[in-house]
Amino acid sequence: MNTRQRDEAYIAHTYKRFPVELVSGKGSLVYDENGKRYIDMGSGIAVTSFGISDDVWIGAVTAQLSKIQHTSNLYYSAPCAELAELLCKKTGMKKVFFSNSGAEANECAIKVAREYARRNLGEDHYKIITLEGSFHGRTVTTLSATGQERYHEKVRPRTPGFLHVKPGDEKGLSKLFETEKIAAVLVECIQGEGGVIELDAGFAKAAQDIAHENGALFMVDEVQTGNGRTGALYAYENFGLRPDVVTTAKGLAGGLPLGAALLSEKVENVLGYGDHGSTFGGNPVAAAGALSILKRLDPDFLSKVKEKGAFLRKKFEFASGIEAVSGIGLMLGLKTVKPAAEVVAAAMEKGVLCLTAKDKVRLLPALNIPDGLLAEAAEVIKEAAAL
Ligand SMILES: *Cc1c(COP(=O)(O)O)cnc(C)c1O
């Protein structure tokens, strides 16, 4: 059996895979089982922040691998502590809880919100408002938080306590605070899975204000938008927000599983000994990888991400078959006249890997993708989208 047949035979059929087996790569180039070259415009869904097998990252990860690969959270470990310090110093947050994924980071945020509200607002304040079209993960609870009907069908019963409003519906949000007992509002600054849709900045600020006026928390899911993706360390900075909890994962460790919930002063002590945990969370190898990524996300580098984003966006403006470009920095969505899946398939044929998000072509290249490759990929995508 070849890989494809073995996968079909033995792996649960939850993923509809592209007909490509990726075997190796370097930077923003990846190669399939036949040696065909692709420009990677998806980064494993915003994960490989500095591309495939980045040398600095490999150095950090392998150095840690040869020291100790896992400690459990029963002991102190330097990479984990240093990473938490760096995250706090760069964001002004006060504490970090490490997990392995975005869904788990959000689970932590949800626990924090419920406990904070229980202490400060009362036993029956546990509801969390999220937005229609949002995506917060695949656990039963984070699927319940997700504001998309189609994700709710397979989780019956859903975890109770989640309410959804339309992005931009400030009145609807206010109304929920009058009629329901709310613990928190949780938003993505740019809905990723939902179709690369930016939140209206005025609404985002209003949602934060309304939450705070009611003693509730304002939490931002930066699992996809975080770690330099938008040209800011975290996307909320672009919106002038001051969230009480920030969750992140995907690009944090550059390709190793690591999630984090960043806790502000208001909530830094909500979780106490034994209240939460994870066997693998904050694994030293993943943390060493994350340190090597985060240390390079300085203002200079982030401004280059912004420039690359602007450069890429410009390529698509007024292009045939592309109706609109959405997103910020290197998180872009293309509204194409042809079905997005068709454009992605045609681009793949021509050696460029892209993603879809609802009806959009979604682009999430490595943050350090060379301008030459970016231009080459843009030409291929334009050709694939052209009428
Ligand atoms: C991908 C994603 C998640 C889920 O992350 P996992 O690591 O797959 O659990 C949650 N929220 C957002 C915004 C995401 O994009």
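Given the structure is predicted, the values throughout are model-derived calculations rather than measurements. (Residues numbered from 1 in each chain as written. Predicted model: local features only at pLDDT ≥ 70, side-chain atom pairs only at ≥ 80, totals over all residues. Heavy atoms only, no water.)

Asks: Kindly report on the packing of aromatic side chains, identifying the contributing residues and their values.
Replies: By convention here, two paired aromatic rings are described through the distance between centres and the angle between planes. Scanning the model with the defined rule gives three aromatic pairs in all. Taking the centre distance of 5.0 Å and the plane angle of 25 degrees together, the rings of phenylalanine 50 and phenylalanine 301 count as stacked. Separated by 251 residues along the polypeptide, phenylalanine 50 in the loop between helix H2 (43-46) and helix H3 (55-65) and phenylalanine 301 in helix H10 (residues 299-316) bring together distant segments of the chain. By relative accessible area, phenylalanine 50 is classed as buried at 5%. Plain terms: the ring middles of tyrosine 234 and tyrosine 236 are 6.4 Å apart, the flat faces sit at 5 degrees to each other, and that makes the pair stacked. What makes tyrosine 234 buried here is its relative accessible area of 0%. We note arginine 296 situated over the ring of phenylalanine 50; from NZ or CZ to the ring centre the distance is 3.9 Å. (Phe/Tyr/Trp six-rings, centres within 6.5 Å; stacked < 30°, edge-to-face > 60°. Helix = DSSP H or I, 4+ residues; strand = E, 2+ residues; numbered from the N terminus. Buried < 20%, exposed > 50% of the residue type's maximum accessible area, 1.4 Å probe, protein only. Lys NZ or Arg CZ within 6 Å of the ring centre and 35° of its normal.)

Asks: Give me the lowdown on the sheet that holds strand E5 (residues 127-131), citing residues and values where you can.
Replies: The seven strands are arranged E4-E12-E11-E10-E7-E5-E6 in an open sheet whose pairing can be described as mixed. Strands with a single pairing partner mark the edges of an open sheet, and in this sheet they are strand E4 (95-99) and strand E6 (162-165). When the angles between neighbouring strand axes are averaged without regard to direction, this sheet yields 20 degrees. Note that strand E10 (residues 217-221) and strand E11 (residues 245-248) share three bridges and pair parallel. Note that in E11 the partner of aspartate 221 across the bridge is threonine 247. Sitting on the sheet, helix H5 (residues 102-120) touches E4, E5, E6, strand E7 (182-187), E10, E11 and strand E12 (259-263), and the angle it makes with E10 is about 180 degrees. (Pairing = 2+ DSSP bridges. Axes fitted to C-alpha atoms, helices over the stretch in contact; angles between N-to-C directions. Contact = heavy atoms within 4.5 Å.)

Asks: Account for empty space enclosed by the protein, with residues named and values stated.
Replies: Across all of its chains, the model carries one cavity of 30 Å³ or more by this definition. Quantified by volume, the largest cavity comes out at close to 50 Å³. Considering the residues around the largest cavity, the lining is formed by Ala46, Ser49, Val223, Gln224, Gly226, Asn227, Arg229, Lys250, Gly251 and Leu367. Looking at side-chain class alone, the lining of the largest cavity contains three nonpolar, five polar and two charged residues. (1 Å grid on protein atoms, 1.4 Å probe; cavity = no way out; pocket = protein on both sides within 12 Å on 5 of 7 lines; lining within 4 Å. Points joined across faces, edges and corners; volume = space filled by probe spheres on them. Nonpolar A, V, L, I, M, F, W, Y, C, P; charged D, E, K, R; others polar.)

Asks: For unusual backbone geometry, give the residues involved together with the corresponding values.
Replies: Residues arginine 156 and proline 157 are joined by a peptide bond in cis, for which omega reads -5 degrees. Of note, serine 43 is a non-glycine position whose phi angle comes to about 50 degrees, a positive value. Within the secondary structure, serine 43 is located in helix H2. Using a relative accessible area of 1% as the deciding quantity, one classes serine 43 as buried. A positive phi angle, close to 45 degrees, is found at serine 53, a residue other than glycine. Here serine 53 shows up in the loop between H2 and H3.

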